[in-house]
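Descriptive structure summary
For reference, the chains in residue letters:
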Amino acid sequence: HQYEFDAYVSFSYIVGGPAFCGSTLVKKLRATPPDYAGACRELLRWVHAGGERQPGLIARRAAEYRQCMGGV
């Protein structure tokens, strides 16, 4: 769906192509059958910078997760 695509583009822009392509999120999308809900949940794991949870990243990932699941 377009909303999933938009969430993944937003996420991949921030973390970078290599990190995105090598992520468990992408593995869940490439599974047979794809685990779309599981891939969306993976967004919520990317909230650390410098080894610490960052409030700004938590908020951003939560917004991307909601978008990925069809919410706006």
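Report on the accompanying structure. (Residues numbered from 1 in each chain as written. Predicted model: local features only at pLDDT ≥ 70, side-chain atom pairs only at ≥ 80, totals over all residues. Heavy atoms only, no water.)

1. Some thoughts on the pattern of salt bridges
Selection criterion: We define a salt bridge as a side-chain nitrogen of Lys or Arg found within 4 Å of a carboxyl oxygen belonging to Asp or Glu. Runs of H or I in DSSP of at least four residues are treated as helices and runs of E of at least two as strands, each being numbered from the N terminus. A simple rule labels every residue: compare its accessible area, found with a 1.4 Å probe on the protein chains alone, to the largest value its type can have, and call it buried under 20%, exposed over 50%, or partly exposed in between.
Evaluated as defined, the whole model comprises 5 salt bridges. In this structure, R60 and E64 form a salt bridge, with 3.4 Å as the shortest nitrogen-oxygen distance. Within this pair, R60 and its partner E64 are both found in helix α5 (residues 55-68), separated by 4 residues, close to a single helical turn. The class of R60 is partly exposed, set by a relative accessible area of 35%. E64 gets classed as buried once you look at its relative accessible area, which sits at 3%. Salt bridges sharing common partners tie together K28, D35, E42 and R45.

2. Observations concerning the packing of helix α1 (residues 2-15) against α5
To keep it simple, the criterion reads: Note on definitions: angles span 0 to 180 degrees between N-to-C directions of axes, and those axes are lines fitted to C-alpha atoms, for helices only across the stretch in contact. Convention used here: angles under 35 degrees read as roughly parallel, angles over 145 as roughly antiparallel, angles from 65 to 115 as roughly perpendicular, and any remaining angle as oblique. The contact rule is simple, with two residues in contact once any of their heavy atoms fall within 4.5 Å. Residues were grouped as follows: Ala, Val, Leu, Ile, Met, Phe, Trp, Tyr, Cys and Pro as nonpolar; Asp, Glu, Lys and Arg as charged; and all remaining residues, including Gly, as polar.
Between α1 and α5, the least distance of the axes is 7 Å, while the angle of their chain directions is 155°. Considering the angle they form, α1 stands roughly antiparallel to α5. Contacts from Y3, E4, D6, A7, Y8, S10, F11, I14 and V15 of α1 reach α5 at R60, R61, E64, Q67 and C68. The class makeup of the residues in the contact of α1 with α5 is 7 nonpolar, 2 polar and 5 charged.

3. Side note on α5
Heads up, the condition is: Multiplying one less than the number of residues by 1.5 Å gives the expected span of a helix. What the arc covers is the set of directions going from the helix axis to the C-beta atoms.
Over its 14 residues, α5 runs 20 Å from end to end, which matches the ideal 20 Å to within 8%, given 1.5 Å per residue. All of the buried residues along α5 are R61, E64 and C68. When α5 is viewed along its axis, its buried side chains cluster within an angular range of 60° and face the same direction. In this structure, α5 carries P55 and G56 as exposed residues pointing more than 90 degrees from its buried face. Within two residues after α5, G70 carries a phi angle of roughly 105°, on the positive side.

4. Overview of the environment of R41
With respect to the helices, strands and loops of the structure, R41 is situated in helix α4 (residues 36-42). Spatially, the C-alpha atom of R41 lies 8.9 Å from that of C68, the residues being 27 residues apart in sequence.

5. Considering the side chain of E64
How we decide: Within 3.5 Å is the distance limit for a polar contact, defined as a pair of N or O atoms, with the added protein rule that one can donate a hydrogen and the other accept it, and that residues adjacent in sequence qualify only through two side-chain atoms.
Only 2.9 Å separates the side chain of E64 from the side chain of R61, close enough to count as a polar contact. Not counting the four nearest positions on each side in its chain, E64 is found in contact with A7, S10, F11 and L43.

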